[in-house]
Amino acid sequence: MKKSGLNKSEFFRKIILDYQLKEKPDEKFYETLSQLRGMAINLNQMSRVYNQYKGYVNENKYATLYNQIQNFILALEEVYLIPQKSKNVSGW
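Residues numbered from 1 in each chain as written. Predicted model: local features only at pLDDT ≥ 70, side-chain atom pairs only at ≥ 80, totals over all residues. Heavy atoms only, no water.

Colleague: Lay out the overall build of the chain with the relevant residues and their values.
Modeller: If you tally the helices and strands in the chain, you get 3 helices and 2 strands. Sequence-ordered secondary structure for the chain, helices as α and strands as β, is α-β-α-α-β. Expressed as a percentage of its 92 residues, the buried residues of the chain come to 14%. Put simply, of all contacts in the chain between residues at least 6 apart along the chain, 60% involve residues at least 24 apart. Carbon and sulfur atoms make up 54% of the accessible area of the chain, which totals about 7,600 Å². (Helix = DSSP H or I, 4+ residues; strand = E, 2+ residues; numbered from the N terminus. Buried < 20%, exposed > 50% of the residue type's maximum accessible area, 1.4 Å probe, protein only. Contact = heavy atoms within 4.5 Å. Areas by Shrake-Rupley, 256 points an atom, 1.4 Å probe, with all protein chains shown as cover.)

Laid out in structure tokens, this is it:
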């Protein structure tokens, strides 16, 4: 229960609902995630400036990079934060 970072009721609720619990990541993970979010926000702000001054920024380049960062953030969250349903091997 301690390793997951969940309180007692959350922990048992997840176990009963057959979730595969994950150990809570260390502070370095959250720092990295915060930095990635900051970069994504900066890119979003850059694209807004582009929309004001069309033609001075390559929109496709920044939109693609912004999407890659967002997808990376989601993948990190899925691996480290979001509990997944267990795959019941016994066939129940």
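There is more to say, and it comes next.
Colleague: Pulling in residues and values, what's your account of the pattern of salt bridges?
Modeller: Under the definition given, this model contains 1 salt bridge. When the shortest N-O distance is used, the salt bridge between arginine 37 and glutamate 77 registers 2.3 Å. Here glutamate 77 lies in helix H3 (residues 59–80) and arginine 37 lies in helix H2 (residues 27–52), a separation of 40 residues in the sequence. Looking at arginine 37, the relative accessible area reads 38%, which means it is partly exposed. (Salt bridge = Lys/Arg side-chain N within 4 Å of Asp/Glu carboxyl O.)

Colleague: So what's going on with the packing of aromatic side chains? Which residues, and what values?
Modeller: Aromatic ring pairs are reported here in terms of the distance separating the ring centres and the angle at which the planes meet. Enumeration according to the criterion identifies 2 aromatic pairs in this entry. Ring geometry for phenylalanine 11 and phenylalanine 12: centres 5.3 Å apart, planes at 85 degrees, overall edge-to-face. Taking the relative accessible area as the measure of exposure, phenylalanine 11 reaches 18% and is therefore buried. Overall, the relative accessible area of 43% leaves phenylalanine 12 in the partly exposed class. Seen from the ring of tyrosine 19, lysine 14 lies directly overhead, with NZ or CZ sitting 5.1 Å from the centre. (Phe/Tyr/Trp six-rings, centres within 6.5 Å; stacked < 30°, edge-to-face > 60°. Lys NZ or Arg CZ within 6 Å of the ring centre and 35° of its normal.)

Colleague: With reference to specific residues and values, describe the nonpolar core.
Modeller: Formed by Phe29, Leu33, Leu36, Ala40, Leu43, Ile69, Ile73 and Leu76, the largest nonpolar core amounts to 8 residues. Mapped onto this core, the elements with two or more residues apiece are H2 and H3. Dropping the residues within four chain positions of it, alanine 40 is found in contact with Tyr66, Ile69 and Gln70. (Core = buried A, V, L, I, M, F, W, Y, C linked by side-chain atoms within 4.5 Å.)

Colleague: Describe in detail a nonpolar patch on the surface, supporting the description with residues and values.
Modeller: A contiguous nonpolar surface patch, about 420 Å² in accessible area, is contributed by Met1, Phe12, Ile16 and Leu17. Looking at the element boundaries, phenylalanine 12 is found in helix H1 (residues 8–16). (Patch = residues over 30% accessible without salt bridge, like charges linked within 9 Å, V, L, I, M, F, W, Y side chains within 5 Å.)

Colleague: Outline the side chain of glutamate 77, supporting the account with residue identities and numerical values.
Modeller: On the accessibility criterion, glutamate 77 (16% relative accessible area) is buried. Residues contacting glutamate 77, with those up to four places away along its chain left out, are Leu33, Arg37 and Ile82.

Colleague: Would you mind going over the environment of serine 4 in detail, with residue names and values included?
Modeller: Along the polypeptide, serine 4 turns up in the segment before H1. Linking serine 4 and leucine 81, residues 77 residues apart in sequence, is a C-alpha distance of 9.4 Å. Excluding residues within four positions of it along the chain, serine 4 makes contact with Phe11, Lys22, Glu23 and Lys24.

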